[in-house]
Amino acid sequence: MLHQLTTRSTLALDDNKNIPCISLLLPFEPTMNLKVGLVNKLKNATDKIAKELFANYPEDEAVPVLEKLRHVIKELNYNTHKKSIAIFVSSLFEKVYYLDLPLIEKIAVDESFEIRSLIKCKKENHKYLLAVLSKEATRIYIGSAGLLIPIVVNVCDNITGCGKRSPVTVTNCYAEPQCSNEYVDQFLRHTDRGLNLLLQSYPLPLFIMATEKTIAHFKAITNTAAHVIEYIPGSFDANTELELHQVMEPYVADWKAVIEGDLLQQVKDALQHNKVATGISDVRKAAAQKRVRMLIVERNYLYTSQRRDEKMKDAFYIRDVVDEVIENVLAQGGDVEFVDDGLLWDYQQIVLIEPYDLV
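Figured I'd write up the structure that's included with this text. Treat the numbers as computed from the prediction; the structure is a model and nothing was measured. (Residues numbered from 1 in each chain as written. Predicted model: local features only at pLDDT ≥ 70, side-chain atom pairs only at ≥ 80, totals over all residues. Heavy atoms only, no water.)

**Points about the pattern of salt bridges**
When the charged atoms of two side chains lie near each other, side chains of opposite charge can form a pair.
Here's step 1: Enumeration over the complete set of coordinates arrives at twelve salt bridges.
Here's step 2: Of the charged contacts in the structure, one is a salt bridge between K122 and E337, with a shortest N-O distance of 3.0 Å. Of this pair, K122 sits in the loop between α3 (116-120) and β5 (127-133) while E337 is found in strand β12 (residues 335-339), placing the two residues 215 residues apart along the sequence.
Here's step 3: Taking the relative accessible area as the measure of exposure, K122 reaches 15% and is therefore buried. (Salt bridge = Lys/Arg side-chain N within 4 Å of Asp/Glu carboxyl O. Helix = DSSP H or I, 4+ residues; strand = E, 2+ residues; numbered from the N terminus. Buried < 20%, exposed > 50% of the residue type's maximum accessible area, 1.4 Å probe, protein only.)

Here it is in structure tokens:
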């Protein structure tokens, strides 16, 4: 979840342009890192901010902001399990977020804060799942940074074990009278269940490699079809991990297209489960009711309400209703993704996916 320490602002939206405003975004995860390391990182960031403040502002403006920043840092919660923190301070307000999002480090002085800046600073995660359905077994990998890392899944990974019979291959099983298709079905259903379990823990773009015949059989029985970005036909049972990675390179070269394709697949699957809100009105209601897994919004989509509620009047960082929705989603531990304008035209430019089981 996202937590707020304090927020104080008596400024109108356009009145805080000339006062020092500090933005500090950092990876955090105190339960995974030594506190002393995080304290040193925050001290170094504070020293950089102090240098920039005194270089660009009079002492009577720089000192109060710097002291407020030091107080906020002193009061940070080191018992949180969150991945990142975002600190925003001026002489008139202070705000701290503990976020589930992995953020890149960013330090800025004299930049007005917008809630969207948090999403723009998300650390890109170039990872995907690859399932290779070979003649004798299923191999599953996480692809990342030029590597394929095998994953051990607690399901049957070969047709021999699943069928409780003598060794047989997926490919020649179709040609052997003594090997009923039910054994292939059983094997592929085990694979499918394993993939569903993985997608719960690793919600990543999924690729399937197999012969055309095995792909057709898998499509007929799978519950994960909505999460598959691409089926790659061929015989890959003898390929090494390096060779598999080389096959994958053109499929993941345009990573933005991969991610946007995956997000659209997730929307379609959530629609089938009746777990989607579309359009700003329904999305706003759903986000306020804390039923959130992910918000997807077109990058430049804005929606200004004719009636600004008290929260939006007082919140310097909320420029429109979309900003309000983004903050609500982050507050409930949900994810937020921006996509190119026009991609969500069929969904009125904004989509909220509610939590549900993939299986």
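**Section: the packing of aromatic side chains**
Here's step 1: Following the criterion strictly, the structure yields five aromatic pairs and no others.
Here's step 2: On the numbers, 6.3 Å between centres and 70° between planes, the contact of F88 with Y97 is edge-to-face. The same class applies to F88 as to Y97, namely buried.
Here's step 3: Ring geometry for Y128 against F207: centres 5.6 Å apart, planes inclined by 80°, an arrangement best described as edge-to-face. Remark: F207 occurs in strand β8 (residues 206-210) and Y128 occurs in strand β5; sequence separation between them is 79 residues. By the burial criterion, Y128 is buried, and F207 matches it.
Here's step 4: Each residue in the set F28, Y78 and Y98 is aromatic and connected to the rest through ring pairs, giving one cluster.
Here's step 5: Against the face of Y78 rests K35, its NZ or CZ located 4.7 Å from the ring centre. (Phe/Tyr/Trp six-rings, centres within 6.5 Å; stacked < 30°, edge-to-face > 60°. Lys NZ or Arg CZ within 6 Å of the ring centre and 35° of its normal.)

**Re the sheet that holds strand β9 (residues 228-233)**
Here's step 1: Strand order in the open sheet formed by five strands is β7-β6-β5-β8-β9, with mixed pairing between adjacent strands. Edge strands, defined here as strands with exactly one partner in the open sheet, are β7 (147-150) and β9. With direction set aside, neighbouring strand axes in the sheet form an average angle of 25°.
Here's step 2: Contacting β5, β8 and β9, helix α7 (residues 212-221) runs over the sheet at an angle of about 150° to β9.
Here's step 3: Packing of helix α8 (residues 241-252) onto the sheet brings it into contact with β5, β6 (138-144), β7, β8 and β9, and relative to β8 it is tilted by some 125°. (Pairing = 2+ DSSP bridges. Axes fitted to C-alpha atoms, helices over the stretch in contact; angles between N-to-C directions. Contact = heavy atoms within 4.5 Å.)

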